[in-house]
Amino acid sequence: MPETDTALGYEQARDELIEVVRKLEAGGTSLEDSLALWERGEELAKVCRHWLEGARARLDSALAARDGEAEPGGE
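The paragraphs below set out a description of the structure included in this document. (Residues numbered from 1 in each chain as written. Predicted model: local features only at pLDDT ≥ 70, side-chain atom pairs only at ≥ 80, totals over all residues. Heavy atoms only, no water.)

Quick notes on the nonpolar core
As a rule of thumb, soluble globular proteins bury nonpolar side chains together.
Item 1. Counting residues in each nonpolar core, the largest one holds seven residues, listed as Leu-8, Ala-13, Val-20, Leu-37, Leu-44, Val-47 and Cys-48.
Item 2. Broken down by secondary-structure element, the contributors of at least two residues to this core are helix H2 (10-26) and helix H3 (31-70).
Item 3. With four residues, the top contributor of residues to this core is H3. (Core = buried A, V, L, I, M, F, W, Y, C linked by side-chain atoms within 4.5 Å. Buried < 20%, exposed > 50% of the residue type's maximum accessible area, 1.4 Å probe, protein only. Helix = DSSP H or I, 4+ residues; strand = E, 2+ residues; numbered from the N terminus.)

So this is what it looks like as C-alpha coordinates:
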(Lines give C-alpha, C1' and ligand atoms only; values in the text may rest on other atoms or scores of the structure.)
Protein backbone atom coordinates (compact mmCIF):
# COMPACT_ATOMS: atom_id res chain seq x y z
CA MET A 1 0.00 0.00 0.00
CA PRO A 2 1.50 3.39 -0.93
CA GLU A 3 2.60 5.51 2.01
CA THR A 4 0.12 8.27 1.12
CA ASP A 5 -2.74 5.77 1.40
CA THR A 6 -1.69 4.64 4.87
CA ALA A 7 -2.02 8.26 6.00
CA LEU A 8 -5.66 8.34 4.88
CA GLY A 9 -8.21 7.98 7.60
CA TYR A 10 -11.08 5.55 7.20
CA GLU A 11 -13.63 8.24 6.44
CA GLN A 12 -11.39 9.90 3.84
CA ALA A 13 -10.74 6.60 2.07
CA ARG A 14 -14.41 5.64 2.21
CA ASP A 15 -15.55 8.98 0.81
CA GLU A 16 -13.02 8.85 -2.02
CA LEU A 17 -14.02 5.26 -2.76
CA ILE A 18 -17.66 6.32 -2.99
CA GLU A 19 -16.66 9.01 -5.48
CA VAL A 20 -14.65 6.52 -7.55
CA VAL A 21 -17.61 4.13 -7.69
CA ARG A 22 -19.93 6.99 -8.66
CA LYS A 23 -17.64 7.94 -11.57
CA LEU A 24 -17.36 4.36 -12.75
CA GLU A 25 -21.12 3.82 -12.60
CA ALA A 26 -21.77 7.06 -14.48
CA GLY A 27 -19.67 5.84 -17.38
CA GLY A 28 -18.45 8.10 -20.13
CA THR A 29 -14.78 7.68 -19.27
CA SER A 30 -12.14 6.21 -21.52
CA LEU A 31 -10.90 2.69 -20.95
CA GLU A 32 -7.62 4.05 -19.61
CA ASP A 33 -9.39 6.38 -17.16
CA SER A 34 -11.75 3.59 -16.09
CA LEU A 35 -8.81 1.30 -15.37
CA ALA A 36 -7.08 4.03 -13.36
CA LEU A 37 -10.27 4.60 -11.37
CA TRP A 38 -10.66 0.85 -10.77
CA GLU A 39 -7.06 0.59 -9.52
CA ARG A 40 -7.57 3.56 -7.21
CA GLY A 41 -10.76 2.00 -5.92
CA GLU A 42 -8.89 -1.23 -5.12
CA GLU A 43 -6.25 0.74 -3.20
CA LEU A 44 -8.91 2.62 -1.26
CA ALA A 45 -10.78 -0.59 -0.45
CA LYS A 46 -7.54 -1.99 1.03
CA VAL A 47 -7.17 1.11 3.19
CA CYS A 48 -10.75 0.73 4.43
CA ARG A 49 -10.21 -2.98 5.13
CA HIS A 50 -7.03 -2.17 7.07
CA TRP A 51 -8.89 0.32 9.28
CA LEU A 52 -11.84 -2.02 9.82
CA GLU A 53 -9.60 -4.97 10.69
CA GLY A 54 -7.75 -2.78 13.18
CA ALA A 55 -11.02 -1.66 14.74
CA ARG A 56 -12.20 -5.28 14.98
CA ALA A 57 -8.95 -6.30 16.69
CA ARG A 58 -9.30 -3.47 19.22
CA LEU A 59 -12.90 -4.44 19.96
CA ASP A 60 -11.99 -8.11 20.33
CA SER A 61 -9.14 -7.18 22.67
CA ALA A 62 -11.37 -4.95 24.80
CA LEU A 63 -14.06 -7.62 25.02
CA ALA A 64 -11.53 -10.30 25.94
CA ALA A 65 -10.07 -8.05 28.65
CA ARG A 66 -13.53 -7.32 30.01
CA ASP A 67 -14.46 -11.01 30.00
CA GLY A 68 -11.15 -11.91 31.64
CA GLU A 69 -11.80 -9.46 34.48
CA ALA A 70 -15.30 -10.86 35.10
CA GLU A 71 -14.22 -14.52 35.41
CA PRO A 72 -12.12 -14.60 38.62
CA GLY A 73 -14.79 -13.00 40.80
CA GLY A 74 -17.62 -15.05 39.42
CA GLU A 75 -19.59 -11.94 38.39
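Quick look at H2
Item 1. Look at H2: 24 Å from first C-alpha to last across 17 residues, which is about the 24 Å you get at 1.5 Å a residue.
Item 2. Phi turns positive one or two residues past the end of H2, at Gly-27, with a value near 75 degrees. (Expected span 1.5 Å × (residues − 1).)

Looking at the environment of Arg-40
Item 1. Here Arg-40 is to be found in helix H3.
Item 2. Taking the relative accessible area as the measure of exposure, Arg-40 reaches 21% and is therefore partly exposed.
Item 3. Each C-alpha atom, one on Arg-40 and one on Val-20, is 7.7 Å from the other, the two residues being 20 residues apart in sequence.
Item 4. A distance of 2.8 Å separates polar atoms of two side chains, one belonging to Arg-40 and the other to Glu-16.
Item 5. In this structure the side chain of Arg-40 is engaged in a polar contact, spanning 3.1 Å, whose partner is the side chain of Glu-43. (Polar contact = N/O pair within 3.5 Å; in protein donor to acceptor, adjacent residues only side chain to side chain.)

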